[in-house]
Structures are given as structure tokens and as C-alpha cells.
Amino acid sequence: MRLRQWGVAGMAGVALLGAGGVPALAADGVPAKLKAFYTQQLSWAPCAALAGLECATVVVPMDYAKPGAERVQVAISRRKATDQAGRRGVLLVNPGGPGGSGLGLPNRFAAQPVGRVYDVVGFDPRGVGQSTQLRCEVSLLELPQPSRPTEAQLPNFTATARDVEDGCVRAGGDYRKHVTTRNTARDMDVIRGALGEKKINYFGYSYGTWLGAVYGSLFPRNLDRSVLDSAMDPNKTWHEQDLDSAHSIKFNFDSWAAWTAARHKTFRLGTTPAQVRAGLDEIAAALATKPVGGLGEVTDLDTFTGFYTRYRAVWAGFSQQVRELLDSLQGNENPELAKRNAALLELAKRSLVKPTSAGTFQAVTCEWDWPSDQRDYYRGMRQWRDTHPYGRTVSFLAPTNCAFRGFTRTEPLPEITRTAYPTGLVVHAEGDTQTAYPNGVAMAETLRHHLISVPNDGEHGQYGSGGACVDNTVNRYLVDGILPATRSECAGVDKPADIPVDGATVQAPQGEPDVVELATGIVRRLETSGIH
């Protein structure tokens, strides 16, 4: 990719203010001081290591209040519509994060009908990947942060969060306070202008739903059709939505326990959810003193449980593993148990959500207000440690670097409002733990969008994941402009094994897939999806 060079002299002739000190607007609504950015010419070339895509760079102001000062680059990619005669514009896509690289995301849409009529455009947001990066110094603290911390270990979470923020302050410079959702949305509008489009269509996953809502609120007349998949709640802080994620983890656990209890004759773990939970508690108590069946400590059990109760496809295999762990406590260990559980634990660890950029995640999440009193965090951590630690819920309540924010925000968070842009879609799964289902409902209600719910499914990012109902409904809207009902449901792809409940007259199918094989498939899909 080549970066077009912008000289200060080239910007000096651009009028900055109109009469009365207000921004001078061109006929297209673009402030005169930004016109040169909107009209820049793009130089396209094949993307390195991204087959089928072409890439370019867009130059944007580091600080939109001072467009004549420092500039940064934003890397973009494009997969052109295969039916140029029927082309209806650009579909700008974002994978979430914040901090997810989006250059490769257009390939996720290649086989969909939208790839026929849209130029699908991805981008690395400012701070990320091939765009001008924002970096943090890596924290070297290695303090224990178990899933069930003691009182003495609670300050470890605070010390680590503070050290992360200190490293980001040292490395981030002045750029850090300008890596914001507002500015990324402004960059998106510059991309629109540089592409020569009057409007863009938009598809965002996860944090990308918040980004899309911000864009629609700042530039409502420049947005056409939009889909928000696995959405955030525009009315809550990030920390409040972390609590929602903890509740979603518990919802999945409770759903698994009820499903397993209804099949006691198969798994022998109890006829009630409480009895099923008691079996796990027994394993947790044993892990406090010794390894059990390939699990070395109780944090391993909590990690293990969080993954295998989230995805319905592995519920049966997980229930069988719990049964075998309990048998091992009675001296009846399967010789293959430790080996299999070690493999399953490693797969669960690979699935854990990680910040996807060295500095962008830690900067953007600090746009929200965070508690500054550590006692607020500790109260929540204690509550979840003592009531439901499975799924490492404590980590969702722990302080982050934003509790010690070392920079002053230049602008407040924008208010998300439904103004002039058209009705769109929100898609959300009931068991999603990265963005909890109630958050998607709140986004749909706030924007008055139509909501597609996917019940009894733990997937994050529904479109393009193999569910024909979601894909067909979204495609019909994006391609033909036909909206579904204001509230509708689609079956997902994450389904538990077809094992009859106790007392059923039908027989269970034979030859259920191996749990390691199923889990490997889930993790590979997560790692290649491009969604964060």
C-alpha cells in the first residue's frame, strides 16, 4: 500500500472557518477545512496476504479539530461487486473489538448475495494493524489472578490494571486521546467521500454495532441500510455491560444444568439443576488440594466450564466429562480422562476473548465512565466468586486500566439517537456472552430497528456462521430492501445433541461426534471468523 503524501503547504490554502467563526460547509455538507481529505484520490493495489482483495490507504486528521496539523493513515480493503451492472453501492464492514483488524473481513461476505451487488469495504480502524498503530508497553507484572481470588489476591487485579495503564500512557503519546469511536466514525465518513459515495451501507459485529450507531447518529443522512450483529447497549457503560456478560455466562450454565438434569439416565449427574451444580462443586473442592483428571486447579475448571456450557453443541460431551471427573474422585478413573481433559482445557483457553490491538482496546474502552473506587469492583468480584465463579465471571467485574485513565477525554460519548437514517436490523443470540442478549434488545429499541433473535444459541456473530434463516433474512434486506417483522426469531446452528429426555419413548441416535472434535471445530471457526 502507498500512502499519499500531504504537505502542510497543501493544506494551508483551505478555508478553516466561514463567516461568524462557524465551519464553512460545502454543498455536500462537508466542512471546508476537511474538503481535501474527502476528495483525496485512492491508489489501489492487491492486498498482501489477502487473496481476492485490493487495498489502499486513506489519510485523515489525527485531531479533527486541527486538520492542518498531524495526520494519520487508515488502511482499507475492497472486494468489488461481482455484478457491476446491478451494483447498489458500498457495504462498509467492521469486526468489532475495539481494535479488531477489518481488512480481511470482506472475504466473509464473498459467497453471500450481498457480494454480488455491493463493493464490500473493510478497514483497520485508527490505531490498528496496517493503519497508524497505537501501542502500549507490555505489562511485566505476573501476579496471580485466579478465578476465585482470596481477599489477599484482590489487589493483584488492581495492580495489574494500573500497570497496564501506565504502560499505555508511556507509549501512547498525544495520539492516544484521539483514538476514539467518534474519530473512527469521522474516518468512516472520509472513507465514504474518498470512495466517491453519497451514502454508505454498513455491517458491524460486536463493538462494531456501537461504532455503526455512532456513525448513524453523527452522519444520519450519509447512511443507507445497516445491520448490527451481536450488539452493545447504547445506554449503558462498558462496565455495566461486563456485568451483563457475567449474567449471560450464568444463563448458559443454568441452561446446560437444566438440559443435563432432564437426561439423568444418560449422564447420572442428578435430576435437578441444583444436583448437577453440586457435582461440579464437588470437583472444585477436590481441585483445591490436588489435580483431578487433567485439571490442575480450580481456575482450570472455571475456564473449562465457561466454554463448554456456552456452546450447546458440546453440552453432551461436557456432561460426560463431568461424570467421569466425579467417577475419578471415587477411584474409577478412565485412563484417557486426563489426556482428553487437557486437550479440552487447551481449546477452552484458546477461545478466551483477548484485546485485539496493543493499545486501541485500552484507549477506546476508556471513553466510558469507570468506577474509581476499588471497593466497587471488589464488591462485585466477591459476589460472583461466592455465587457463580464458573466461566471466570470474576474477571468481568475486575478493574481495568480505565479505572486509572491517564489521559483527558477530548469529547464526551455521543448520544445514540434515531434521527434521519432508515430503519435497519439488529441480530442477536440468546446465549452470547461477549455481548449479552439484553444489550441487543436495547439497541433495537433505541434505534427502532427490527430485531432478529436467535434463541438457545451461544454464538457471537450470527451472519455468515452457517444459519440459513439469519443469512437469508439479512440478505433479503441488504439486497432487496425488504425488512422482516419488527420482532422475529431464527434457529441457530449451535444445537445440543439430540438426546431424549428421561422417560421419552424415542431412542437416542448412535455415534454422537467426539467432544474434542466438536470443540476443535468451534475454536477454529472462532479463530478464522475475523469477528471480535
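Just above sits the structure.
Residues numbered from 1 in each chain as written. Predicted model: local features only at pLDDT ≥ 70, side-chain atom pairs only at ≥ 80, totals over all residues. Heavy atoms only, no water.

(A) Region of interest: the overall build of the protein chain. When its secondary structure is counted, the protein chain shows 18 helices and 10 strands. Expected size for 532 residues packed as a compact globule is a radius of gyration near 24 Å; at 25 Å, the protein chain falls within 12% of this value. Principal-axis analysis of the C-alpha atoms places the extent of the protein chain at approximately 80 × 55 × 40 Å. Burial status across the protein chain gives 55% buried among its 532 residues. By element, 52% of the accessible surface of the protein chain is carried by carbon and sulfur atoms, the whole surface being about 21900 Å². Between the centroid of the 56 positive side chains of the protein chain and the centroid of its 56 negative side chains there is a distance of 6 Å. (Helix = DSSP H or I, 4+ residues; strand = E, 2+ residues; numbered from the N terminus. Rg over C-alpha atoms; globule rule 2.2 N^0.38 Å. Buried < 20%, exposed > 50% of the residue type's maximum accessible area, 1.4 Å probe, protein only. Areas by Shrake-Rupley, 256 points an atom, 1.4 Å probe, with all protein chains shown as cover. Lys, Arg positive; Asp, Glu negative; His and termini not counted. Charge placed at Lys NZ, Arg CZ, Asp CG, Glu CD.)

(B) Broad picture of helix 12 (residues 337–350). The end-to-end C-alpha distance of helix 12 is 20 Å, a good match for the 20 Å that 14 residues give at a rise of 1.5 Å each. Among all positions in helix 12, only Leu337, Arg340, Asn341, Leu344, Leu345, Leu347 and Ala348 are buried. Along the long axis of helix 12, the arc covered by the buried residues comes to 160 degrees, so they all point the same way. Buried positions along helix 12 lie against helix 10 (298–310), helix 11 (315–329) and helix 18 (515–528). (Expected span 1.5 Å × (residues − 1). Arc of directions from axis to C-beta. Contact = heavy atoms within 4.5 Å.)

(C) Highlighting the nonpolar core. Counting 69 residues, the largest nonpolar core has Ile76 and Met381 as its most contacted members. Here this core takes 6 residues from helix 6 (residues 207–218), the largest share from any one element. Setting aside anything within four residues of it in sequence, one finds Met381 in contact with Leu154, Phe157, Val394, Leu397, Ala398 and Pro399. The next biggest cluster of nonpolar side chains, apart from the first, holds 40 residues, and it includes Phe307, Val322, Tyr390 and Ile499. (Core = buried A, V, L, I, M, F, W, Y, C linked by side-chain atoms within 4.5 Å.)

(D) Seen up close, the packing of aromatic side chains. Inspection of every chain in the model, using the stated rule, returns 18 aromatic pairs. Note on Trp238 and Phe361: the rings are 6.1 Å apart at their centroids and 90 degrees apart in plane angle, and the pair reads as edge-to-face. Here Trp238, found in helix 7 (residues 238–261), pairs with Phe361, found in helix 13 (residues 360–364); they are 123 residues apart in sequence, far enough to count as distant. Looking at Trp238, the relative accessible area reads 12%, which means it is buried. Members of the aromatic cluster, joined through ring pairs, are Phe253, Trp256, Phe304, Phe307, Tyr308, Tyr311, Phe318 and Tyr390. (Phe/Tyr/Trp six-rings, centres within 6.5 Å; stacked < 30°, edge-to-face > 60°.)

(E) Fine view of the environment of Val138. With respect to the secondary-structure elements, Val138 resides in the loop between strand 5 (118–123) and helix 4 (154–172). On a C-alpha basis, the gap between Val138 and Ala278 in space is 40 Å, while along the polypeptide they are 140 residues apart.

(F) Quick look at the state of the cysteines. Evaluated as defined, the whole model comprises 4 disulfides. With its sulfur 1.9 Å from that of its partner, Cys469 forms a disulfide with Cys490. Disulfide Cys469-Cys490: torsion about the S-S bond near -60 degrees, hence left-handed. Here Cys490 lies in the loop between strand 10 (487–489) and helix 18 and Cys469 lies in helix 17 (residues 468–480), a separation of 21 residues in the sequence. The exposure class of Cys469 is partly exposed, given its relative accessible area of 31%. For the protein chain, the bonded cysteines pair up as 1-2, 3-4, 5-6, 7-8 when numbered in the order they occur along the sequence. (Disulfide = S-S within 2.5 Å.)

(G) Inspection of the side chain of Asn439 at higher detail. One can find Asn439 in helix 16 (residues 437–447). Beyond its immediate chain neighbours, meaning those up to four positions away, Asn439 contacts Ala231, Met232, Asp233, Gln241 and Asp244.

(H) Looking closely at helix 14 (residues 374–387). If you check helix 14, its first and last C-alpha atoms are 20 Å apart, about what 14 residues at 1.5 Å a residue would give, namely 20 Å. For helix 14, the complete set of buried residues consists of Gln374, Tyr377, Tyr378, Gly380, Met381, Trp384 and Arg385. Down the axis of helix 14, the buried side of the element spans an arc of 165 degrees, and every buried residue falls inside it. Facing away from the buried surface of helix 14 by more than 90 degrees, the exposed residues are Arg375 and Asp386. Elements that come into contact with the buried residues of helix 14 comprise helix 4, helix 7 and helix 15 (394–397).

(I) Region of interest: the packing of helix 7 against helix 10. Interhelical geometry of helix 7 versus helix 10 gives an angle of 70 degrees and a closest axis separation of 8 Å. On the basis of their axis angle, the class for helix 7 and helix 10 is roughly perpendicular. Here helix 7 contributes Asn252, Phe253 and Trp256 to the contact with helix 10, which in turn contributes Thr305, Thr309 and Arg310. Looking at the contact of helix 7 with helix 10, its residues break down into 2 nonpolar, 3 polar and 1 charged. (Axes fitted to C-alpha atoms, helices over the stretch in contact; angles between N-to-C directions. Parallel < 35°, antiparallel > 145°, perpendicular 65-115°, else oblique. Nonpolar A, V, L, I, M, F, W, Y, C, P; charged D, E, K, R; others polar.)

(J) Region of interest: the sheet that holds strand 10. As summarised here, the arrangement of the 10 strands in space is 1-2-3-5-4-6-7-8-9-10, forming an open sheet in which the pairing is mixed. Among the strands making up the open sheet, the edge pair consists of strand 1 (45–46) and strand 10. Strand direction decides the pairing type here: strand 6 (residues 200–205) and strand 7 (residues 223–229), joined by 5 bridges, are parallel. Paired with Phe203 across the strands is Val227, a residue of strand 7. In the packing of helix 5 (residues 181–194) onto the sheet, contacts are made with strand 2 (54–61), strand 3 (71–79), strand 4 (89–94), strand 5 and strand 6, and the angle to strand 2 comes to roughly 120 degrees. Its contacts with the sheet place helix 6 against strand 4, strand 5, strand 6 and strand 7, and it is angled at close to 150 degrees to strand 6. (Pairing = 2+ DSSP bridges.)

(K) Broad picture of the packing of helix 11 against helix 12. Taken N-terminus to C-terminus, the directions of helix 11 and helix 12 make an angle of 135 degrees; their axes are 11 Å apart at the nearest point. With respect to helix 12, the axis of helix 11 lies oblique. Of the two elements, helix 11 crosses helix 12, and the hand of that crossing is left-handed. In contact with Gln321, Glu324, Leu325 and Ser328 of helix 11, helix 12 contributes Leu337, Arg340, Asn341 and Leu344. (Left-handed = near helix turned anticlockwise from the far one by under 90°.)

(L) Layout of the pairing of strand 5. Of all the 6 residues making up strand 5, 6 are buried; the element is thus mostly covered by neighbouring parts of the structure. Across the two faces of strand 5 the burial is the same, with Tyr118, Val120 and Gly122 and Asp119, Val121 and Phe123 all buried. In terms of strand pairing, strand 3 meets strand 5 through 4 bridges, oriented antiparallel. Note that in strand 5 the partner of Arg78 across the bridge is Val121. Bridge count for strand 4 against strand 5 is 4 bridges, and the pairing is parallel. Paired with Gly89 across the strands is Tyr118, a residue of strand 5.

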